[in-house]
Structures are given as C-alpha cells and as structure tokens.
Amino acid sequence: MHTIGLTGGIASGKSTVAEFFREQGVPVIDADILGHRTYDPGTGTFAAVVAAFGDDIVAADGTIDRRALGGKVFGKPEELTRLTDIVWPGIRALASEELSNLEVAGTGLVLLEAAVLLEAGWEDMVDEIWVTTVQADIAVARLAERNGLDEAAARARIDSQLSNEERVAVAHVVIENNGTLAELTDGIRAAWEALRARTGTERQTIG
C-alpha cells in the first residue's frame, strides 16, 4: 500500500486536494476528524486531557467544552504543547489503525490529510509528502473572506504555523495555490497523473 501524507497551511487548498483524491476512489484519512474522536468521552485521550486541564473543561453533557479548553491553552505555548503531547499520539493511534485496516483490505493507495503532519512527526507513517502552499497575503485575504477575520487576526494565525519554506523543504510534491480554483485543479490533476506514472495507480473503487 502506498500512503501519501498531505499537509499545508491554512487556506492553502488541502481540502480541495483531498476531495480530488476521494473522487478518484482513494480513501482519505482526515486527521481533523480523528482529532475530534480523541475527545470522545470514555477514551484514554479524553481522560488524560481532563486530568491535565481540570474537570471544569467538561460540559454538562459530559463532553469536553472546546471553548473552555481553548481558553486554557490560547496564547500559552507551554500549555498548548502539553495538550498536543496528549492529543497527537491519540490521533496517530487512530490513523495507524485505519491504515492497517485499509492495507489488510488490499487497498493500493491512501491519502492521510494532516495539517500537523510535520509538527507531530508523522512523516514515518507515509511514503511521500505532498504540500499545498499559498502566499501569505493571499491566505490573509482568503481568511478574511472565508472566516470573517480581520487582517491582524488572519496574519497571526498564519504566522503561528510552519512556513511554506519549512514544508517545501521536506515535500516530494508541491502544489501551489496562488490563483484560481481552475488553476489549482489543473495543478492537482498534473500531480495525480505524475503519481499514476510513478506508482501504476489506477482509479480505485471504494466498497
């Protein structure tokens, strides 16, 4: 089984790349979705997060109050690291389980979409790394339009992430997203055709 790790900064087009792969019949493991699952009551990660940050982050319905937890780590790098040291291994375990199941099922190609792929040190889980990039000023404009953030807030979110240069330095494939959706789609399709040529990948059928 050949596993691609897809990463990139905010507003860089990762979701569009992942959707293209789904359309080709390729299973996509979304680390964000797995991240939500790690907070499910009854999991080891849930218990560890509550133990680390206090019972007051548990809402009336028994789930973790993301807003309360966010208030304890926002703007506090050491606390955020304490949280990710708990959550990232939980996400990795879930992703590894899904990858194993897909391999047993005879899947030929899988995409692992993870914004924190490099920060979490998950490079060893994949066979190659694809990176989507976008110029900072364009990302700011997209965030302002998409999320309603002002320029300062948008730029702060971008600056808190790895730079394009840091991601590109370890990438096997780079897809730039500084133009239109049509241009991005052309870039994805070109990268896909090159992948097929390298690996002999054909369209997969799910199910």
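All values reported here derive from a predicted model rather than from experimental measurement.

## A word on helix H5 (residues 77-104)
Since the α-helix packs 3.6 residues into each turn, any two residues three or four apart lie on the same face. Its 28 residues place the ends of H5 39 Å apart at the C-alpha level, agreeing with the 40 Å of an ideal helix rising 1.5 Å per residue. The largest bend in H5 is about 25 degrees, located at Thr84. The elements touched by buried residues of H5 are strand E1 (2-8), strand E2 (28-30), helix H2 (31-38), helix H3 (44-53), helix H4 (66-73) and strand E3 (109-113). A positive backbone phi angle near 85 degrees is found at Gly106, which sits one or two residues after H5.

## Things to note about helix H1 (residues 14-23)
Buried within H1 are the following residues: Lys14, Val17, Ala18, Phe20 and Phe21. For H1, the buried positions fall inside an angular range of 155 degrees around the axis, keeping them on one side. Buried residues belonging to H1 abut E1, E2, E3, strand E4 (128-133), strand E5 (173-176) and helix H9 (181-199). Just past H1, the residue Gly25 takes up positive phi, approximately 85 degrees.

## Some points on unusual backbone geometry
Unusually for a residue other than glycine, Ala11 sits at a positive phi of about 65 degrees. Mapped onto the fold, Ala11 is located in the loop between E1 and H1.

Cut-offs used in this document
- Residues numbered from 1 in each chain as written.
- Predicted model: local features only at pLDDT ≥ 70, side-chain atom pairs only at ≥ 80, totals over all residues.
- Heavy atoms only, no water.
- Helix = DSSP H or I, 4+ residues; strand = E, 2+ residues; numbered from the N terminus.
- Expected span 1.5 Å × (residues − 1).
- Bend = angle between axes of the 7 residues up to and from the residue.
- Contact = heavy atoms within 4.5 Å.
- Buried < 20%, exposed > 50% of the residue type's maximum accessible area, 1.4 Å probe, protein only.
- Arc of directions from axis to C-beta.

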